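Letter by letter, the chains look like this.
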Amino acid sequence: MRRSPENGDAVSDAPASQRHTPQREAILRVIRRAHGPLTTGEIHKRARRLCPKLGIATVYRNVKLLLETDMIQPVILPDGETRYELAGLSHHHHFHCEVCHRVYDLDGCPVTVRHGMTLPGGFIVSDHELTLYGTCPRCASSEPV
Ligand SMILES: [Zn+2]
Ligand SMILES: [Zn+2]
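All of these numbers come straight from a predicted model, not from anything done at the bench. (Residues numbered from 1 in each chain as written. Chains lettered and ligands numbered in written order. Predicted model: local features only at pLDDT ≥ 70, side-chain atom pairs only at ≥ 80, totals over all residues.)

### So, the packing of helix α1 (residues 22-33) against helix α2 (residues 40-47)
The contact between α1 and α2 brings their axes to 9 Å, and the two run at 110°. One element, α1, and the other, α2, form an angle in the roughly perpendicular class. Remark: the crossing between α1 and α2 carries right-handed chirality. Contacts between α1 and α2 involve Ala26, Ile27, Val30 and Ile31 on the former and, on the latter, Ile43, Arg46 and Ala47. Grouping the amino acids of the contact of α1 with α2 by side-chain chemistry returns six nonpolar, no polar and one charged. (Axes fitted to C-alpha atoms, helices over the stretch in contact; angles between N-to-C directions. Helix = DSSP H or I, 4+ residues; strand = E, 2+ residues; numbered from the N terminus. Parallel < 35°, antiparallel > 145°, perpendicular 65-115°, else oblique. Left-handed = near helix turned anticlockwise from the far one by under 90°. Contact = placed C-beta atoms within 7 Å. Nonpolar A, V, L, I, M, F, W, Y, C, P; charged D, E, K, R; others polar.)

### With respect to the environment of leucine 77
Mapping leucine 77 onto the fold places it in the loop between β1 (72-76) and β2 (82-86). Counting along the chain gives 19 residues from leucine 77 to histidine 96, while the straight-line C-alpha distance between them is 8.8 Å. Apart from residues no more than four positions distant in its own chain, leucine 77 is found in contact with His94, His96, Val103 and Thr131.

### Quick word on the confidence of the model for the protein
Per-residue pLDDT for the protein averages 88, and the proportion of residues at 70 or more is 85%. Low pLDDT, under 50, characterises residues 1-12; the stretch is placed with five contacts to residues that sit more than four places away or in other chains. (pLDDT = per-residue confidence, 0-100.)

### Points about the pairing of β1
The side chains of a regular strand alternate, residue by residue, between the two faces of the sheet. In the sheet, β1 pairs with β2 via five bridges, with the strands oriented antiparallel. Bridged to glutamine 73 within β2 is glutamate 85. The hairpin turn running from β1 into β2, its antiparallel successor, is five residues long, and glycine 80 in that turn takes a positive phi close to 90°. (Pairing = 2+ DSSP bridges.)

### As for the sheet that holds strand β7 (residues 131-134)
With mixed pairing, three strands are arranged side by side in an open sheet as β4-β3-β7. Edge strands, defined here as strands with exactly one partner in the open sheet, are β4 (103-106) and β7. Within this sheet the neighbouring strands show an average axis-to-axis angle of 30°, counted without direction.

### Examining the pairing of strand β3 (residues 93-97)
The pairing of β3 with β4 spans four bridges and is classified as antiparallel. Its bridge partner being in β4, phenylalanine 95 is matched across the sheet by tyrosine 104.

### So, unusual backbone geometry
Not every positive phi belongs to a glycine, and aspartate 70 is a case in point at roughly 60°. Along the polypeptide, aspartate 70 turns up in the loop between α3 (56-68) and β1. Here histidine 101, not a glycine, exhibits a phi torsion of approximately 65°, which is positive. Relative to the helices and strands, histidine 101 resides in the loop between β3 and β4.

Here is the structure:
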């Protein structure tokens, strides 16, 4: 909630976490442009092209702030690495390439069990999660025969 200037003490109403810095802009832009969730290392590598002096500690700090302000959300896959994507994306699934370990967003949902459906045994479905594994198109085309 933004306070009116009459309130006097509203001078610093933007906490540090909401101030825009070029570094944070670069990090957000990288996450927004990615075709899947990114690890902190991947964010660092890509954001450095926009902000050449960007250090990994700054990336960690900004990722934490973006999480706290609900701009991004963590994606935790069984490989144990935490990746990040924009918060509030519509329903989608991930494809984890076993060759390059990149994670891609998939178009569409291959799950045919609809939410609200009752499965044999009386299990009422409210949601699902699915991660597919395999070889991404990039790695498939460069794999040695
Ligand atoms: Zn790959
Ligand atoms: Zn789905």
